[in-house]
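# Descriptive structure summary
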Amino acid sequence: MFVQEVRRYYPFTPFVGARVHKDFVWDQYEFKKGVLVLLDVYGMNHDPVIWGDPDKFRPERFQEEKDRTYCFIPQGGGDPAKGHRCPGEGITIEIMKAGLNFLVNKIDFVVPEQDLSYSLSRIPTLPKSGFIMNQIKKTGLE
Ligand code: HEM
């Protein structure tokens, strides 16, 4: 739940873009050939209609099991088998779980004052300072 909330709350990728190949209409929206279309990934993952209190970091919101194929889109929208949604999502989640376990259970560290702000117009989005850690000590058992 924590990893899912990190992927929702932070701009994993703020948007994805594509150029319209041929004219079409979808859901009453006209897409003209040649136009650059941006999918507002961050915006949808912070839509108050979908998430209630989107600016609160609240992992428990993922307690409820439900189909989020089209509303939770940190690595692109839809079904990866039929479209371009990231097929590496499962791997990413497992890597994040292992990283979180390491940070929480295997080491101790101090996070000094730094600039953790981030840009919403840059891909990949990273905190301005990176992520600085001091006084790192091993704590966990092997
Ligand atoms: C933090 C990690 C990752 C992020 C934020 C991320 C994000 C994305 C995004 C936004 C897309 C485009 C989706 C779209 O066009 O609708 C994408 C596509 C893709 N990703 Fe990832 N991804 C991540 C990790 C991975 C990993 C670990 C793999 C493979 C092991 C992977 C493989 C791919 C591939 C092959 C595509 C192209 C899919 C296609 O065009 O059909 N990604 N990813």
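For the structure given in this document, a descriptive report is provided here. (Residues numbered from 1 in each chain as written. Predicted model: local features only at pLDDT ≥ 70, side-chain atom pairs only at ≥ 80, totals over all residues. Heavy atoms only, no water.)

What follows covers the overall build of the protein chain. Helix and strand counts for the protein chain stand at 4 helices and 6 strands. Tracing the protein chain from N to C terminus, the helices and strands come up as α-β-β-β-β-α-α-α-β-β. Over its C-alpha trace the protein chain gives a radius of gyration of 18 Å, far above what one expects of a compact globule, namely 14 Å for 142 residues. Here the C-alpha coordinates of the protein chain stretch approximately 60 × 35 × 30 Å along the principal axes. Taken across its 142 residues, the protein chain has 25% of its residues classed as buried. Put simply, of all contacts in the protein chain between residues at least 6 apart along the chain, 54% involve residues at least 24 apart. Accessible area for the protein chain stands at about 10,200 Å²; split by element, carbon and sulfur atoms hold 59% of it. Distance between charge centres in the protein chain, computed from 19 positive and 19 negative side chains, equals 4 Å. (Helix = DSSP H or I, 4+ residues; strand = E, 2+ residues; numbered from the N terminus. Rg over C-alpha atoms; globule rule 2.2 N^0.38 Å. Buried < 20%, exposed > 50% of the residue type's maximum accessible area, 1.4 Å probe, protein only. Contact = heavy atoms within 4.5 Å. Areas by Shrake-Rupley, 256 points an atom, 1.4 Å probe, with all protein chains shown as cover. Lys, Arg positive; Asp, Glu negative; His and termini not counted. Charge placed at Lys NZ, Arg CZ, Asp CG, Glu CD.)

This brings us to the pairing of strand β6 (residues 134-138). A regular strand places its side chains on the two faces of the sheet in alternate fashion. By the criterion of burial, β6 is predominantly exposed, with just 0 of the 5 residues buried. Strand direction decides the pairing type here: strand β5 (residues 107-110) and β6, joined by 3 bridges, are antiparallel. Paired with Ile-107 across the two strands is Lys-138, which belongs to β6. (Pairing = 2+ DSSP bridges.)

In this structure, Pro-124 follows Ile-123 across a cis peptide bond, with omega equal to -5°. Along the chain, the position of Pro-124 falls in the loop between β5 and β6. Within the chain, Asp-27 stands out as a residue other than glycine whose phi angle is a positive 50°. Its place among the elements puts Asp-27 in the loop between β2 (24-26) and β3 (29-31). Residue Gln-28 is not a glycine yet carries a positive backbone phi of 70°. Relative to the helices and strands, Gln-28 is located in the loop between β2 and β3. Residue class for Gln-28 comes out exposed when judged on its relative accessible area of 77%.

The quantities given are spatial measurements derived from coordinates; they are silent on function.
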